[in-house]
Amino acid sequence: MAEKALTAVIQEAYVSGISTRSVYDLVKAMGMSGISKSQMSRLCIKVQASAASGGLLNQRQIQAVENLWQILRSFSTEFSMVVFVDTVLLPQEMDAYFNGADDLPLMESVLEFRDSHAAIAKSSKAGGEEAAKERPFVSQRLWSIFFVIQAIYGRTALLLTNSLKEERYINWRSDGRCDQLLRAVLPANAADHLGSSQRLECGTRGRPSSPRSTKPRVPVAGSYPLPRAAQMRYNLHAPLWWWKA
């Protein structure tokens, strides 16, 4: 009877996301003895695998997915102006603003990112630090996607900070770290398309290049140049934004 009570306590605590060490302390506080930390760990594993706990674990897994989704919605809110500006403005227009060639009132909405700590504060406010406790209850694939999305939000905000500092647009589509993150969860051809179809029409790091060549553009493997109208429509619905909540 005591063993069943102990199993029930550990099961309920485990599926609630309480650490093994905390469960061990809880058992001791309840006056139950005769179980070591290693036995506690084995019992937690057994609880996870047992058919009896399947219903509770499934509920906890569903709750974990819902919690991560709410955190992503908070990220979407906190970084909404980063998304909006990059959605409605062409890279060339943003570059003209950063180098002082054009005055775009819309860009005032992202001036808060002059502060290098702004992105960190927004990530924390969105609940990024709270997400870690959900990791044991979701698949590796789902956690990877969540990690990449929050990392892309933070990275693009950091690039805005650097753009304001260096007075030139640093395009996230040409950024090596963004490319690395996207390739972790997207097929290679999709990641290639993001980098090639929307790259700023200047140097890969945002520096003006030599005058445009008169030679016809050679299509990237598996893709074709879009008419300007179609290209602009594509820009308006470009990723980072396909996962926007």
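Trainee: Would you mind going over the overall build of the protein with me for this structure?
Mentor: For the protein, the helix and strand inventory stands at 11 helices and 0 strands. Helices (α) and strands (β) of the protein occur, in sequence order from the N terminus, as α-α-α-α-α-α-α-α-α-α-α. Each of the 245 residues in the protein was classed as buried or not, and the buried ones make up 41%. For the protein, the proportion of contacts with a sequence separation of at least 24, taken over those separated by at least 6, is 69%. Accessible area of the protein: about 14,500 Å², with a carbon and sulfur share of 55%.

Trainee: Mind showing me how you'd approach the nonpolar core here?
Mentor: Nonpolar side chains in soluble globular proteins tend to end up buried together. By size, the foremost hydrophobic cluster in this structure holds 44 residues, and its most contacted members are Phe-79, Met-94, Phe-98, Met-107 and Phe-113. Counting residues per element, the ones that place at least two in this core are helix H4 (54-78), helix H5 (80-88), helix H6 (91-98), helix H7 (118-126), helix H8 (140-166) and helix H9 (176-185). A per-element tally of this core places H8 first, with 11 residues.

Trainee: In this structure, what is going on with the packing of aromatic side chains? I would like to understand it.
Mentor: Here a ring pair, both rings aromatic, is described through the centre-centre distance and the interplanar angle of the planes. Taken as a whole and judged by the stated rule, the model has 7 aromatic pairs. Ring geometry for Phe-75 against Phe-79: centres 5.9 Å apart, planes inclined by 10°, an arrangement best described as stacked. One exposure class covers both Phe-75 and Phe-79, and it is buried. Judged by centre distance (6.0 Å) and plane angle (5°), the rings of Phe-98 and Tyr-169 are stacked. Separated by 71 residues along the polypeptide, Phe-98 in helix H6 and Tyr-169 in the loop between H8 and H9 bring together distant segments of the chain. Across the pair, Tyr-169 and Phe-98 agree in class, each one buried. Clustering of aromatic rings is evident, with ring pairs tying together Phe-75, Phe-79, Phe-113 and Tyr-153. Its guanidinium or amino end placed over the ring of Phe-137, Arg-60 lies 4.3 Å from that ring's centre, counting from NZ or CZ.

Trainee: How do you make sense of the pattern of salt bridges when you look at a structure like this?
Mentor: Close approach of charged atoms allows side chains with opposite charge to pair. Applying the stated criterion to the full structure yields 10 salt bridges. Two residues, Lys-133 and Glu-130, come together in a salt bridge whose shortest N-O distance is 3.8 Å. For the salt bridge of Asp-179 with Arg-183, the shortest nitrogen-to-oxygen distance reads 2.8 Å. You can see Asp-179 and its partner Arg-183 sitting in helix H9, 4 residues apart, about one turn around the helix. Classification of Arg-183 by relative accessible area gives partly exposed; the value is 35%. Salt bridges here are not isolated pairs; linked through shared partners, they connect Glu-78, Glu-112, Lys-122 and Lys-125.

Trainee: Honestly, the environment of Arg-183 in this entry has me stumped. Any pointers?
Mentor: Taking the C-alpha atoms as reference points, Arg-183 and Val-148, 35 residues apart in sequence, are found 9.6 Å from one another. Of the polar contacts made by the side chain of Arg-183, one reaches the side chain of Asp-192; its length is 2.4 Å.

Rules used in this analysis
- Just so you know, the residues in each chain are numbered from 1, in the order the chain's sequence is written.
- Where local features are concerned, this predicted model is filtered to residues with pLDDT of at least 70; where side-chain atom pairs are given and counted, the filter is 80 or more; whole-chain, interface and lining totals use all residues.
- Side-chain metrics rest on all non-hydrogen atoms present in the structure, leaving aside hydrogens and water.
- Under the DSSP-based scheme used, a helix requires at least four consecutive residues in state H or I and a strand at least two consecutive residues in state E, with every element numbered from the N terminus.
- For every residue, the accessible area obtained with a 1.4 Å probe (protein chains only) is divided by the maximum for its type, and the residue is called buried under 20%, exposed over 50%, and partly exposed between those limits.
- Any two residues whose heavy atoms approach within 4.5 Å are treated as being in contact.
- Computed with a 1.4 Å probe, the accessible areas rest on the Shrake-Rupley method; for each residue, only the protein chains presented here act as cover.
- Only buried residues count toward a nonpolar core. Its members are Ala, Val, Leu, Ile, Met, Phe, Trp, Tyr and Cys residues joined through side-chain atoms within 4.5 Å.
- Each Phe, Tyr or Trp ring, with Trp reduced to its six-membered ring, pairs with another whose centre is within 6.5 Å; inter-plane angles below 30 degrees give stacked pairs, above 60 give edge-to-face pairs, and intermediate values give tilted ones.
- In this scheme, Lys NZ or Arg CZ marks a charge over a ring once it lies within 6 Å of the ring centre and within 35 degrees of the ring normal.
- Salt bridges are defined as contacts in which a side-chain nitrogen from Lys or Arg sits within 4 Å of a carboxyl oxygen from Asp or Glu.
- We define a polar contact as two N or O atoms separated by no more than 3.5 Å, with the added condition that, inside protein, one atom must be a possible hydrogen donor and the other a possible acceptor, whereas residues neighbouring each other in sequence contribute only through side-chain atom pairs.

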